[in-house]
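Residues per chain are reported as follows:
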Amino acid sequence: MIEARGLARTFTGRRGTVEAVRGVDLSVALGEIVGFLGPNGAGKSTTLRMLTTLLAPTAGSATVAGRDLRTDPGGVRRRIGYVAQGGGTDPSVPAGEELELQARLYGVADPAARIRELARRLELDGEGLLARPSAAMSGGQRRRLDVALGLVHRPPLVFLDEPTTGLDPQSRGHLWEHIRRLRDRDGTTVFLTTHYLDEADALCDRVLIIDRGRIVAEGSPAELKRRVAGDVVTVELAGSGAPLEQVALRARTALAGHSAVREATVLEGALRLTVDDGDRSLMSLIRALDEAGVELAALRMARPTLDDVFLTVTGRSLRDSASAAA
Amino acid sequence: MRSKVGVVFGLTQPLLYLVLFGPLLSRVGGVQGAGGGNTWRAFVPGILVQLALFGAGFVGFGLIADLRSGVVERLRVTPVSRLALLLGRVLCDTLMLVVQAVLLLAAGVLLGLRAPLWGIVAGLVFVALLALSIASLSYVLAMMTRVEDAFAPLLSTVTLPLMLLSGIILPMSMAPGWLDAVSRFTPFRYVVDAARAAFRGDFSSSAMLEGAAVTVVLVVASVALGTHRFRKENT
Ligand SMILES: Nc1ncnc2c1ncn2[C@@H]1O[C@H](COP(=O)(O)OP(=O)(O)OP(=O)(O)O)[C@@H](O)[C@H]1O
Ligand SMILES: [Mg+2]
């Protein structure tokens, strides 16, 4: 659905130039939910605005929904929906009127029914909510209205720029469900940006990590975490008689030659292992320890988070760089 | 909608000119030689053009608000043609201006304006087309400046000399040679003169022809510029 090569955008202003996006290659397949994860100022919105025809790239090319971005922007516009990071409603116009206008602009058949359906799905059907101007809505309600506006015409491809920012956990969960349903039932392709690690993890089939205008890693959340960081296995030892430290050292020697183990450290009477593909290697780790006569008290496996992935590829934590930029 | 309030507020200034300044002018009517003895015929077209200049000039403020709220971006991702995005706004502004102009004309008739009906209709067409051009140009300026703080001073520095040079209050034919020459470079002058000719029922005069030509060029150029800007608008 999206095929971009070397997409770049430089802003030239009075205060110098900003290379917001520096050569992004990406492909998104039909029916995928792809997440664009990165800290503030990484270039997520800029990339989205280029892909939605709002911003002319300074370099590169892209086809979006089968149309060339440069030669057929109208064709692209007919096939996509877009929800901007800051929304796009007139604060003084009633929500229902905004939805009607949007439906009319896209030539939606039976707009009233479509609006009713969307309002129900996105929980905008509460007491006279649609009669209210967006200035008189809560932040979360306004955000859901923005999403509804982007979906009115059932586009085969939607771009959502931080769709869940400002939503409470429950609404967030509902919106995730709605996005999954869009994909499962209508085959909609979804390209969204987010700061939230858990959102990228739970919602996206594939994640592109962007930092300082470049894509630094991509893959499914599980793949990314496996590829970059490995799983962390903590082995607590039962030192029946012998001192724990000694047992730990024996355990480490026993695993030294194991092909899945990348790193092993002894930590307060426990052994901390970084292993490839923990799910599969766990059994053979236990077997090797057993053969060496090491007694186990407990075994824990923790998956790395996407933050660990970001840390590995950029040397910075996503949390830190996000709060530093904020 | 807010436009009802807008119609009334937009009218107060030209109405004040009409009521508080018009009678003064009809006293000195003999001096200005507006022809036909009815000074209202010369004065009212000027006030109508002034209404178009200021009323339509200010529409850019609305666009700046929409740029800020993201409404413009939302509309720009829709498949609607860029020309339609511009005309949607501009025609709405023009309609509002025509309503105001009709109200103003009614007030003029009450005060003593006498002109042939077809002349008044032709004058209205001139004013409507002028408003359409000015609204487009106002949007172009608004998109270039993007903030009220820059748009407002720019707007007033542009509109005031344009108003004075187009001979809205007194015909430019009364001006000394140099001023008359300068004013020939402002397109609105021709529109004012054409509207005056129309009010006199003078359909075959050269003022009428010049005015029609200038208006057509103005409309085409400003709409093309506005559409271009909506297409290009990129930051
Ligand atoms: N119109 C503009 N003019 C100048 N610089 C801009 C403009 N828009 C964005 N930038 C700059 O480009 C860089 C990327 O911005 P962008 O909005 O794409 O980041 P983002 O990843 O969406 O961040 P966030 O998570 O904060 O939304 C930033 O450094 C920003 O300051
Ligand atoms: Mg952004």
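Criteria and cut-off values
Residues numbered from 1 in each chain as written. Chains lettered and ligands numbered in written order. Predicted model: local features only at pLDDT ≥ 70, side-chain atom pairs only at ≥ 80, totals over all residues. Heavy atoms only, no water. Helix = DSSP H or I, 4+ residues; strand = E, 2+ residues; numbered from the N terminus. Buried < 20%, exposed > 50% of the residue type's maximum accessible area, 1.4 Å probe, protein only. Contact = heavy atoms within 4.5 Å. Areas by Shrake-Rupley, 256 points an atom, 1.4 Å probe, with all protein chains shown as cover. Near = heavy atom within 4 Å. Polar contact = N/O pair within 3.5 Å; in protein donor to acceptor, adjacent residues only side chain to side chain. Nonpolar A, V, L, I, M, F, W, Y, C, P; charged D, E, K, R; others polar. Donors = N, O, S within 2.8 Å, 3.2 Å for Na, K, Ca; no water. Pairing = 2+ DSSP bridges. Patch = residues over 30% accessible without salt bridge, like charges linked within 9 Å, V, L, I, M, F, W, Y side chains within 5 Å. Salt bridge = Lys/Arg side-chain N within 4 Å of Asp/Glu carboxyl O. Buried area = accessible area lost by both parts, 1.4 Å probe. Axes fitted to C-alpha atoms, helices over the stretch in contact; angles between N-to-C directions. Domains from an automatic or database assignment. Parallel < 35°, antiparallel > 145°, perpendicular 65-115°, else oblique.

Engineer: How would you explain the overall build of chain A if you had to name every residue and give the values?
Structural biologist: When its secondary structure is counted, chain A shows twelve helices and 14 strands. Within chain A, the proportion of its 326 residues that are buried is 50%. Of all intrachain contacts in chain A linking residues separated by at least 6 positions in sequence, the fraction that spans at least 24 positions is 67%. When the accessible surface of chain A is summed, it comes to about 14,800 Å², and 49% of that surface belongs to carbon and sulfur atoms.

Engineer: Give me the site of ligand 1: which residues, what numbers.
Structural biologist: Residues and elements named next belong to chain A. Around ligand 1 sit 14 residues in total, of which Asn40, Lys44, Ser45, Thr46 and His195 are the nearest. For ligand 1, an oxygen atom lies 2.9 Å from a polar atom in the backbone of glycine 43. A distance of 2.8 Å separates an oxygen atom of ligand 1 from a polar atom in the side chain of glutamine 85. Surface burial for ligand 1 is 67%, taken as the share of its 640 Å² of free accessible area covered by protein chains. Those elements that place two or more of their residues in the shell around ligand 1 are strand E2 (16–28) and helix H1 (44–51). At three residues, H1 tops the list of elements feeding residues into the shell around ligand 1. A class-by-class count of the residues in the shell around ligand 1 yields five nonpolar, seven polar and two charged.

Engineer: Describe the coordination of the magnesium ion (ligand 2), listing the residues and the values that go with them.
Structural biologist: Around the magnesium ion (ligand 2), the protein supplies Ser45(A) (OG) and Gln85(A) (OE1) as donor atoms, at distances of 1.9 to 2.1 Å. Of this pair, Ser45(A) sits in helix H1 while Gln85(A) sits in the loop between strand E6 (80–83) and helix H3 (95–105), and the two are 40 residues apart along the sequence.

Engineer: Tell me about the pairing of strand E9 (residues 206–211) of chain A, and please be specific about residues and values.
Structural biologist: Residues and elements named next belong to chain A. Taken across its six residues, E9 has six buried, putting it largely inside the fold. The two faces of E9 match: Arg206, Leu208 and Ile210 on one face and Val207, Ile209 and Asp211 on the other face are all buried. Pairing between strand E3 (residues 33–37) and E9: four bridges, direction parallel. When the bridges of E9 are listed, glycine 35 appears paired with valine 207. Pairing geometry for E9 and strand E10 (residues 214–219), over five bridges, is antiparallel. Among the inter-strand pairings, valine 207 is bridged to a residue of E10, identified as glycine 219. What sits between E9 and E10 in their antiparallel hairpin is a turn of two residues, with arginine 212 showing a positive phi close to 50°.

Engineer: Lay out a nonpolar patch on the surface with the relevant residues and their values.
Structural biologist: Taken together, the side chains of Leu117(B), Trp118(B), Val121(B), Val125(B), Leu129(B) and Phe203(B) make up a nonpolar region of the molecular surface, amounting to roughly 600 Å² of accessible area. Relative to the elements of secondary structure, Trp118(B) occurs in helix H7 (residues 117–145).

Engineer: Could you give an account of the interface of chain A and chain B, with specific residues and numbers?
Structural biologist: The interface is formed by 24 residues belonging to chain A together with 17 residues belonging to chain B. Around 1,700 Å² of area is buried between chain A and chain B when both sides are counted, 51% of it from carbon and sulfur atoms. The three residues of chain A that bury the most area against chain B are Leu54(A), Arg77(A) and Leu105(A), which together make up 34% of that side's buried surface. Our count for the chain A to chain B interface comes out at two salt bridges. The partner of Arg74(B) in a salt bridge is Glu98(A), with the nearest N and O atoms 2.9 Å apart. Our count for the chain A to chain B interface comes out at six residue pairs in polar contact (both at pLDDT 80 or more). Listing elements by their share of the side of chain A that touches chain B, those giving two or more residues are helix H2 (73–79), E6 and H3 of chain A.

Engineer: Could you give me a rundown of the side chain of Arg172(A), with the residues and numbers involved?
Structural biologist: Residue and element names in this part refer to chain A. Among the structural elements, arginine 172 can be located in helix H6 (residues 169–186). Classification of arginine 172 as buried rests on a relative accessible area of 14%. Excluding its chain neighbours within four sequence positions, the residues that come into contact with arginine 172 are Thr164, Leu167, Tyr196, Asp198 and Glu199.

Engineer: Residue-level account of the sheet that holds strand E5 (residues 67–68) of chain A, with values.
Structural biologist: Residues and elements named next belong to chain A. Here we have four strands laid out as an open sheet, ordered E2-E1-E4-E5, and antiparallel in their pairing. Across the chains shown, the open sheet's two edge strands, defined by having one partner strand only, are E2 and E5. Relative to E5, strand E4 (residues 59–64) runs antiparallel, the two being bridged by two bridges. In the sheet register, valine 64 faces E5, and the bridge partner there is arginine 67. Of the strands in this sheet, strand E1 (2–13), E2 and E4 touch H1, which is tilted by about 115° from E1.

Engineer: Which residues make up the domain arrangement of chain A, and what are the values?
Structural biologist: Taken domain by domain, chain A holds domain 1 (2–225) and domain 2 (231–303). Here domain 1 of chain A and domain 2 of chain A have C-alpha centroids that lie 45 Å from each other.

Engineer: Would you mind going over the packing of helix H3 (residues 40–57) of chain B against helix H8 (residues 148–165) of chain B in detail, with residue names and values included?
Structural biologist: Residue and element names in this part refer to chain B. Direction vectors running N to C along H3 and H8 enclose 170°, while the axes themselves pass 11 Å from each other. Of the possible angle classes, the one that applies to H3 and H8 is roughly antiparallel. Judged by residue contacts, Gln50, Leu53, Phe54 and Gly57 of H3 engage Phe151, Leu155, Thr159, Leu162 and Met163 from H8. Looking at the contact of H3 with H8, its residues break down into six nonpolar, three polar and no charged.

Engineer: A description of the sheet that holds strand E11 (residues 231–237) of chain A should follow, citing residues and the corresponding values.
Structural biologist: All names here are of chain A. Pairing within the open sheet is antiparallel, and its four strands lie in the order E12-E13-E11-E14. The sheet is open, and its two borders are formed by strand E12 (261–267) and strand E14 (296–302), each paired with just one other strand. In this sheet, neighbouring strand axes are inclined to one another by 20° on average, regardless of whether the strands run parallel or antiparallel. Across the sheet, helix H9 (residues 244–255) touches E11, E12 and strand E13 (270–275), and the angle it forms with E12 is around 175°. Strand contacts of helix H10 (residues 278–291): E11, E12, E13 and E14, with the helix running at about 160° to E14, the strand carrying the most contacts.

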